[in-house]
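As a plain string of letters, each chain reads:
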Amino acid sequence: HTAIKQSTSSTMSGRTSNRSPIPQGQQQTAVAPSSGIPYGYVPAYLPGSASLVEELDKELLIVLRDGRHLIGKLRSFDQFSNMVMENTSERRMCFKDGISHYCDVPMGLYVIRGDSMVLLGQVGDFMLKEKMKEVELDELMAMIAESGTGAINWDFDADLEA
């Protein structure tokens, strides 16, 4: 208790002191009483929507409950996993002759409600190299109409109905 008073008084008088009530190398970290975890501790894995921090400013592909695929750069999110995406486009696809044909329809700045998201992942160049081919929207729509069931379309709400 005396060491604390001396340290405080020497600092207040304008001089700095190296003295500390706890010997160096044995500094204690303040611990939250409710959890027992030290204040300021950041775990290797963040639970829940906090794990989206690692995806900020990265190009993501998001599959929505209505089956749409959105690609864009994640700019912001909240505790409900609502997201703001920049340079977003809707990727429409059709599988034909062993190749996925796709077209990106630009949508700009887009807000996505967290509970409508089914799947999220980073987009890389590997997605475009081997078995994917970009086509114009008219050409893609013609392929879908021609094949009848050629569109890749997941409707998660309809699939959940009994």
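Residues numbered from 1 in each chain as written. Predicted model: local features only at pLDDT ≥ 70, side-chain atom pairs only at ≥ 80, totals over all residues. Heavy atoms only, no water.

Participant: Any details on the packing of aromatic side chains? Residues and values, ideally.
Facilitator: Using the criterion set out here, one finds zero aromatic pairs in the structure. In this structure, Arg91 packs its charged tip against the face of Tyr102, placed 4.2 Å from the ring centre. (Phe/Tyr/Trp six-rings, centres within 6.5 Å; stacked < 30°, edge-to-face > 60°. Lys NZ or Arg CZ within 6 Å of the ring centre and 35° of its normal.)

Participant: Can you explain a negative patch on the surface? Please cite residues and give values.
Facilitator: A surface patch of like charges, here negative, comprises Glu134, Glu136, Asp138 and Glu139. Tracing the backbone through its elements, the reader meets Glu136 in the loop between strand E6 (132-134) and helix H3 (137-147). In this structure Glu136 comes out as exposed when scored by relative accessible area, which is 60%. (Patch = residues over 30% accessible without salt bridge, like charges linked within 9 Å, V, L, I, M, F, W, Y side chains within 5 Å. Areas by Shrake-Rupley, 256 points an atom, 1.4 Å probe, with all protein chains shown as cover. Salt bridge = Lys/Arg side-chain N within 4 Å of Asp/Glu carboxyl O. Lys, Arg positive; Asp, Glu negative; His and termini not counted. Charge placed at Lys NZ, Arg CZ, Asp CG, Glu CD. Helix = DSSP H or I, 4+ residues; strand = E, 2+ residues; numbered from the N terminus. Buried < 20%, exposed > 50% of the residue type's maximum accessible area, 1.4 Å probe, protein only.)

Participant: Residues and numbers for the pattern of salt bridges, please.
Facilitator: Going through the model one piece at a time under the given rule, you end up with seven salt bridges. The residue Arg75 makes a salt bridge to Asp57 at a minimum N-O spacing of 2.5 Å. Note that Arg75 is positioned in strand E2 (residues 69-77) and Asp57 in the loop between helix H1 (2-12) and strand E1 (59-64), a separation of 18 residues in sequence. A relative accessible area of 37% means that Arg75 is categorised as partly exposed. Here Lys96 and Glu146 are joined by a salt bridge, their closest N and O atoms 2.9 Å apart. Of this pair, Lys96 sits in strand E3 (residues 83-96) while Glu146 sits in helix H3, and the two are 50 residues apart along the sequence. By relative accessible area, Glu146 is classed as exposed at 60%. Several salt bridges share partner residues, and in doing so they unite Asp57, Arg75 and Glu86 into one network.

Participant: So what about H3? Which residues, and what values?
Facilitator: Taken together, the buried positions of H3 are Leu140, Met143 and Ile144. Buried residues of H3, seen end-on, are gathered within an arc of 95 degrees and therefore sit on one face of the element. Of the exposed residues in H3, those oriented more than 90 degrees away from the buried face are Asp138, Ala145 and Glu146. In the core, the buried residues of H3 are packed alongside E3 and strand E4 (99-112). (Arc of directions from axis to C-beta. Contact = heavy atoms within 4.5 Å.)

Participant: Outline the environment of Lys96, listing residues and values.
Facilitator: What makes Lys96 partly exposed here is its relative accessible area of 25%. With sequence-adjacent residues up to four places away left out, Lys96 is seen in contact with His101, Met143 and Glu146.

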